[in-house]
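# Report on the structure
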Number of protein chains: 2
Amino acid sequence: MDTINSYIENNKERFVNELIELLKIPSISADSAFKNDVLKTAEIIKVSLENAGCEAVEICKTDGYPIVYGEKIIDKNLPTVLVYGHYDVQPPDPLELWNSAPFEPIIEKTELHPEGAIFARGACDDKGQMYMHVKALEFMTSTHQLPCNVKFMIEGEEEVGSANLATFVKNNKEKLQNDVILISDTGMIAKDVPSITTGLRGLSYVEVEVTGPNRDLHSGLYGGAVANPINILSKMIASLHDENNHITIPGFYNKVENLSEEERAEMAKAPFNLDAYKKALDISDVYGEKGYTTNERNSIRPTLDVNGIWGGYTGEGAKTVIASKAYAKISMRLVPHQDWEEITQLFKTHFESIAPDAVKVKVSPHHGGQGYVTPIDSIGYKAASKAYKQTFGKTPIPQRSGGSIPIVSLFEKELKSKTILMGFGLDSDAIHSPNEHFGIWNYLKGIETIPYFYKYFTELSK
Amino acid sequence: MDTINSYIENNKERFVNELIELLKIPSISADSAFKNDVLKTAEIIKVSLENAGCEAVEICKTDGYPIVYGEKIIDKNLPTVLVYGHYDVQPPDPLELWNSAPFEPIIEKTELHPEGAIFARGACDDKGQMYMHVKALEFMTSTHQLPCNVKFMIEGEEEVGSANLATFVKNNKEKLQNDVILISDTGMIAKDVPSITTGLRGLSYVEVEVTGPNRDLHSGLYGGAVANPINILSKMIASLHDENNHITIPGFYNKVENLSEEERAEMAKAPFNLDAYKKALDISDVYGEKGYTTNERNSIRPTLDVNGIWGGYTGEGAKTVIASKAYAKISMRLVPHQDWEEITQLFKTHFESIAPDAVKVKVSPHHGGQGYVTPIDSIGYKAASKAYKQTFGKTPIPQRSGGSIPIVSLFEKELKSKTILMGFGLDSDAIHSPNEHFGIWNYLKGIETIPYFYKYFTELSK
């Protein structure tokens with residue numbers, strides 16, 4: 001693998017330009033208006049896998065967006081790595097907060113990225129991190145250094161809950177058979193503090209609709225006499241947390257994993273500067289569940305957040321109206337052992353139960369997924385740890401992430417193999433936000449580190 | 001005046017068609033995109049006043065939309081009636097709930113309107129009711145039966161708070177000098193239950209903005225650790241009412257007029273069917289301040305309603321984001337003696353005080369106006385009462401309305417004259433709502449009744 005650095009040096013411009021071309025396509029899976037762009041992206045992934053040395057590359061149809069599959073089998077007796085990633089991206093809005101067009105990638109130097117960062121929706125999540133694996137494979141095949149078998153499975157529905165991936169995995173267990181699953185869709189603590197994500201939160205995402213009168217009403221003639229669905233929805237949302245910011249849904253915490261004081265003390269060792277955190281977000285204070293630190297609140301504790309709310313007149317000026325309906329999108333982040341379908345049902349039952357007779361309430365589950373924890377004594381984790389040590393010169397820190405990659409627990413259930421989350425992004429990359437970006441240094445560092453994972457995983461598997 | 005019926009019979013088709021032409025112009029004062037339409041409407045009002053026999057008709061410039069003024073002075077020794085109305089309309093959204101285009105008027109028969117009703121934004125509020133006065137004047141001038149002097153003042157900013165009317169009135173007191181002000185911008189209890197509005201609620205309309213983090217955040221990485229502005233805004237809105245639906249803003253009720261048991265008993269005599277009310281709105285229950293009836297809640301009691309709320313991702317599908325900002329438009333209906341500017345300040349102070357340190361809050365007052373009560377022993381009220389008796393065969397019932405016409409109290413302050421609110425619309429006309437309409441019977445009944453007001457007011461003034 002020692003030629004990786006020179007290979008990157010000679011090809012880095014092309015690596016960046018190829019990613020930029022990929023980022024130009026608005027593959028927004030949440031919005032059907034972009035259907036053709038999502039499909040076009042799948043085609044480009046297929047070609048890029050073939051160019052990187054994959055064989056039997058195919059675009060696998062699903063009931064939704066297709067899954068691109070490819071493999072390079074060099075010896076059935078050698079271990080097999082299954083790489084997962086996604087080619088779809090989050091919607092870019094609010095557009096007015098972007099400093100450049102989300103699908104016209106630009107390279108800009110920042111304080112954290114003096115080498116420059118690529119600004120575009122999907123730069124980090126997940127086109128950039130997924131493409132590192134394609135380029136790492138290109139290096140290993142073109143220099144005849146691929147030490148084991150590899151399979152790629154790149155989907156187009158991760159940002160909308162991977163609705164059709166489960167069926168695909170269930171129906172293709174043999175094809176997907178592997179010894180370890182490798183994913184880069186998470187972050188690391190800092191450029192000089194490599195880390196491996198060992199825990200993920202689960203997710204339950206629902207949409208609620210509150211209906212008051214059967215039509216919009218004049219707030220003067222009816223105000224005070226009928227239930228205003230926006231006031232009622234606000235009241236219902238407010239009641240979902242108590243004064244200590246504990247979630248009030250009955251049974252919500254029943255299965256929550258409670259970490260030991262030792263584990264919490266271990267977690268507390270991860271470098272964290274609260275003042276810098278507040279400064280970066282321009283907030284005077286953090287806010288969350290009583291009795292837990294900021295790092296605990298966003299990793300080992302479940303949450304309930306309203307992701308969107310709307311109702312009534314939201315245009316310019318004033319309109320004295322009582323809306324007929326009010327809506328909210330609400331998501332709950334779950335911790336290991338909480339079952340997302342059970343939590344979704346608990347939410348539905350509770351939310352419907354707290355609605356006053358004066359309104360009608362509809363709760364529509366969107367999607368969800370289970371939380372996940374990976375052991376740090378597995379071959380996969382050890383191989384990843386050695387790979388980081390090799391390229392960063394430091395042993396990575398195991399960390400829990402607050403994010404969710406629902407399919408990780410699905411993989412374990414269906415494919416009986418562990419997932420290693422080798423993330424190279426930073427919290428400041430603003431994924432899911434305006435001005436998402438990915439440092440070119442991080443991008444190339446990922447391409448440099450990944451081949452070593454293959455090397456050590458093959459060696460440790462012997 | 002006895003030729004009014006034959007005059008209407010011979011001209012009713014033209015009366016309807018002229019109104020329909022007026023309704024085709026989207027004079028939405030709240031949305032600057034319709035500026036030219038609002039201005040065009042003022043021109044049309046000018047011409048229609050001239051055609052009806054007004055003299056010295058002019059379009060008076062203001063800092064906002066112009067005020068159309070016209071007069072017909074027959075004898076300085078006779079009393080003068082000042083007619084007020086507005087040519088601007090509410091925004092039509094939500095468009096998808098209209099059965100026909102809001103600015104392509106159609107005539108449809110309904111259960112309440114077997115003679116047909118005109119469906120269009122502004123049909124009742126206020127183009128239709130304002131135009132009744134123009135046609136009534138046309139009748140009186142063309143048949144030489146105008147018994148007194150008349151002045152018209154038709155503005156284009158009523159739906160956005162009449163921002164510039166106050167200045168105009170202050171600067172034109174002599175020109176606007178009158179003995180009584182006549183307005184048709186309210187409703188009556190039923191087609192066979194004529195009523196005159198004797199009380200109006202005041203209004204304070206504000207917009208609030210809650211800012212959490214300085215950018216939209218990934219709800220997985222930050223969820224639970226930072227204040228979510230939508231959750232916080234919901235909490236703050238919910239806290240504005242207590243468990244009895246009393247408003248919790250300190251000092252809010254200090255100046256509220258408390259009616260005597262006698263007055264409340266008198267009010268309770270007005271025909272009202274709660275089951276029919278609930279059925280018409282398709283609600284299982286009414287909802288409001290404890291200790292008051294539905295009719296009291298929407299007339300003699302102040303209210304606080306959210307008229308619009310928005311924040312985060314409101315598009316198709318799901319986005320796991322914590323928004324940087326959340327917004328709401330909130331209006332309070334006030335009762336006589338509550339000062340709208342004082343209430344606006346009380347709201348601002350309180351709303352800012354309940355915000356947690358983790359967010360920033362901005363409260364921007366939109367507009368407002370005072371409540372109003374008119375005595376039923378005035379000449380103006382008596383003249384209106386006799387006019388209804390003449391054309392409906394019944395003495396009208398005095399009633400309090402929950403709506404607000406802020407300028408009424410302004411008129412009394414600046415012009416020292418009382419306002420008579422002769423409304424011919426019905427609650428079911430859906431003003432400010434999709435499918436607003438105005439019964440042709442009501443429209444023509446208004447044109448028939450108004451001349452008698454002039455007759456009796458002149459006689460009673462002698």
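Here the residue index of a chain counts from 1 through its sequence in written order. Ligands are numbered from 1 and chains lettered from A, in the order in which they are written. In keeping with the predicted nature of the model, local features appear solely for residues at pLDDT of at least 70, side-chain atom pairs appear and are counted solely at 80 or more, and the whole-chain, interface and lining totals rest on all residues. For the side-chain quantities, the full set of heavy atoms in the structure was used; hydrogens and water were omitted.

### Observations concerning the side chain of N231(B)
Helix and strand definitions here come from DSSP, where helices need a minimum of 4 consecutive H or I residues and strands a minimum of 2 consecutive E residues; each element is numbered from the N-terminal end. The topology assignment puts N231(B) in helix α6 (residues 229–238). Throughout, exposure labels follow a simple rule: accessible area from a 1.4 Å probe, protein chains only, divided by the maximum for the residue type, with under 20% read as buried, over 50% as exposed, and the rest as partly exposed. A relative accessible area of 10% places N231(B) in the buried class. Here a polar contact is recorded for every N or O atom pair within 3.5 Å, except that within protein the pair must consist of a potential hydrogen donor and a potential acceptor, and residues adjacent in sequence are included only if both atoms are side-chain atoms. Within polar-contact distance, the side chain of N231(B) engages the side chain of N228(B) at 3.0 Å. What N231(B) contacts, discounting residues up to four positions off in sequence, is I237(A), H241(A), L304(A), D305(A) and V306(A). Residue contacts are defined here by distance: any two heavy atoms, one from each residue, within 4.5 Å place the two residues in contact.

### Describing the packing of aromatic side chains
All names here are of chain A. Stacked, edge-to-face and tilted are the three classes for Phe, Tyr and Trp ring pairs, Trp counted by its six-membered ring, which pair at centre distances within 6.5 Å; planes under 30 degrees apart are stacked, over 60 edge-to-face, the rest tilted. Tallied over the entire structure, the rule returns 32 aromatic pairs over all chains. Between F392 and W441, the ring centres sit 5.8 Å apart and the planes meet at 85°, which makes this aromatic pair edge-to-face. Of this pair, F392 sits in helix α10 (residues 379–392) while W441 sits in helix α12 (residues 440–461); the two residues are 49 residues apart in sequence, bridging distant segments of the chain. Among the residues examined, F392 registers a relative accessible area of 16% and is labelled buried. A centroid spacing of 6.3 Å and a plane angle of 25° characterise the contact between Y452 and Y456, whose relative ring orientation is stacked.

### A word on the relation of the copies chain B and chain A
To superpose the copies, least squares is applied to the C-alpha atoms of every residue with a pLDDT of at least 70 in both. When chain B is brought onto chain A, the operation consists of a screw motion whose angular component is 180° and whose axial shift is 0.0 Å, with 0.0 Å RMSD remaining. Expressed as an axis order, the relation between the two copies is that of a two-fold axis. Here 100% of the contact residues of chain B are again contact residues in chain A; the copies associate through an equivalent surface.

### Let's talk about the interface of chain B and chain A
Tallying the contact residues gives 92 residues for chain B and 92 residues for chain A. By buried area we mean how much accessible surface two parts lose on assembly, using a 1.4 Å probe and totalling the loss over both. Both sides together, the interface formed by chain B and chain A hides about 7800 Å², and carbon and sulfur atoms give 51% of it. We define a salt bridge as a side-chain nitrogen of Lys or Arg found within 4 Å of a carboxyl oxygen belonging to Asp or Glu. Where chain B touches chain A, the interface holds 2 salt bridges. Note that K360(A) is salt-bridged to D282(B), the shortest N-O span being 3.6 Å.

### Examining the UniProt feature "domain: Peptidase M20 dimerisation" (unreviewed entry) in chain A
The UniProt entry lists residues 199–357 of chain A under the feature "domain: Peptidase M20 dimerisation" (unreviewed entry), expressed in the numbering used here. Span residues 199–357 of chain A is 27% helix and 23% strand, its end C-alpha atoms 42 Å apart. UniProt positions are given in the numbering used here, feature names are shortened, and annotations may be inferred rather than shown by experiment.

### Let's talk about the sheet that holds strand β4 (residues 106–108) of chain B
Residue and element names in this part refer to chain B. Pairs of strands are assigned from DSSP output, requiring at least two bridges between the strands. Ordered by their spatial adjacency, 3 strands build an open sheet running β4-β5-β18, and the pairing between neighbours is antiparallel. Each edge of the open sheet is held by one strand with a lone partner, namely β4 and β18 (437–439). Geometrically, the sheet is characterised by an average inter-axis angle of 25° between neighbouring strands, direction not taken into account. Pairing geometry for strand β5 (residues 117–119) and β18, over 3 bridges, is antiparallel. Within β18, the position partnered with A117 by the bridge is G439. Where helices are involved, their axes are fitted lines through C-alpha atoms of the stretch in contact, as for all axes, and angles between N-to-C directions lie from 0 to 180°. Sheet contacts for helix α1 (residues 4–23): β4 and β5; angle to β5, the most-contacted strand, approximately 15°.

### Brief notes about the packing of helix α1 (residues 4–23) of chain A against α12(A)
Residues and elements named next belong to chain A. In contact at an axis separation of 10 Å, α1 and α12 are set at 130° when each is read in the N-to-C sense. Compared by their axis directions, α1 and α12 come out oblique. Judged by the twist between their axes, the crossing of α1 over α12 is right-handed. Seen from α1, the contacting residues are I4, N5, I8, K12, F15, V16 and L19; seen from α12, they are I440, Y443, L444, I447, E448, P451 and Y452. Lys, Arg, Asp and Glu make up the charged group, whereas Ala, Val, Leu, Ile, Met, Phe, Trp, Tyr, Cys and Pro make up the nonpolar group; the residues left over, Gly among them, are polar. Here the residues of the contact of α1 with α12 are counted per class, giving 11 nonpolar, 1 polar and 2 charged. With respect to orientation, any angle under 35 degrees is reported as roughly parallel, any angle over 145 as roughly antiparallel, any angle of 65 to 115 as roughly perpendicular, and every other angle as oblique. Less than a right angle of anticlockwise turn of the near helix away from the far helix marks a crossing as left-handed, whereas a clockwise turn marks it as right-handed.

### Some thoughts on unusual backbone geometry
Residue and element names in this part refer to chain A. Here the amide bond leading from D125 into D126 is cis, since omega sits at 0°, within 30 degrees of zero. With a phi angle near 55°, H144 is a residue other than glycine that sits in the positive phi range. Relative to the assigned elements, H144 resides in the loop between α3 (127–142) and β6 (149–155). One non-glycine residue, A430, adopts positive backbone phi at about 60°. You can see A430 is positioned in the loop between β17 (419–421) and β18 (437–439).

### Overview of the environment of K175(A)
All names here are of chain A. Mapped onto the elements of the fold, K175 is located in the loop between α4 (165–171) and β7 (180–183). Exposure remark for K175: the relative accessible area of 26% places this residue in the partly exposed category. Taking C-alpha positions, K175 is 9.0 Å from K151, a pair spaced 24 residues apart along the chain. Once residues lying within four places of it in the same chain are set aside, the contact partners of K175 are E58, C60, Y69 and K151. Within polar-contact distance, the side chain of K175 engages the side chain of E58 at 2.5 Å.

### Looking at the domain arrangement of chain A
Residue and element names in this part refer to chain A. Segmenting chain A into domains produces domain 1 (4–200 + 371–460) and domain 2 (202–256 + 302–369). What counts as a domain boundary in this text is fixed by an automatic or database domain assignment. A C-alpha centroid distance of 35 Å is found between domain 1 and domain 2. Counting residues at the interface gives 11 residues for domain 1, matched by 7 residues for domain 2. For the pair domain 1 and domain 2, the summed buried surface comes to about 660 Å²; carbon and sulfur atoms form 58% of the total. The largest share of the area that domain 1 buries against domain 2 comes from G371, S404 and P406, three residues that together contribute 54% of it. Linking domain 1 with domain 2 are 0 residue pairs in polar contact (both at pLDDT 80 or more). Looking at the side of domain 1 that touches domain 2 residue by residue, the class counts come to 5 nonpolar, 5 polar and 1 charged.

### Structural notes on the sheet that holds strand β4 (residues 106–108) of chain A
Residue and element names in this part refer to chain A. With antiparallel pairing, the 3 strands of this open sheet are ordered in space as β4-β5-β18. Sheet topology places β4 and β18 at the edges, where each strand pairs with a single neighbour. Going across the sheet, the axis of each strand differs from the next one's by a mean of 25°, ignoring polarity. Examined bridge by bridge, β4 and strand β5 (residues 117–119) share 3 bridges and lie antiparallel to one another.

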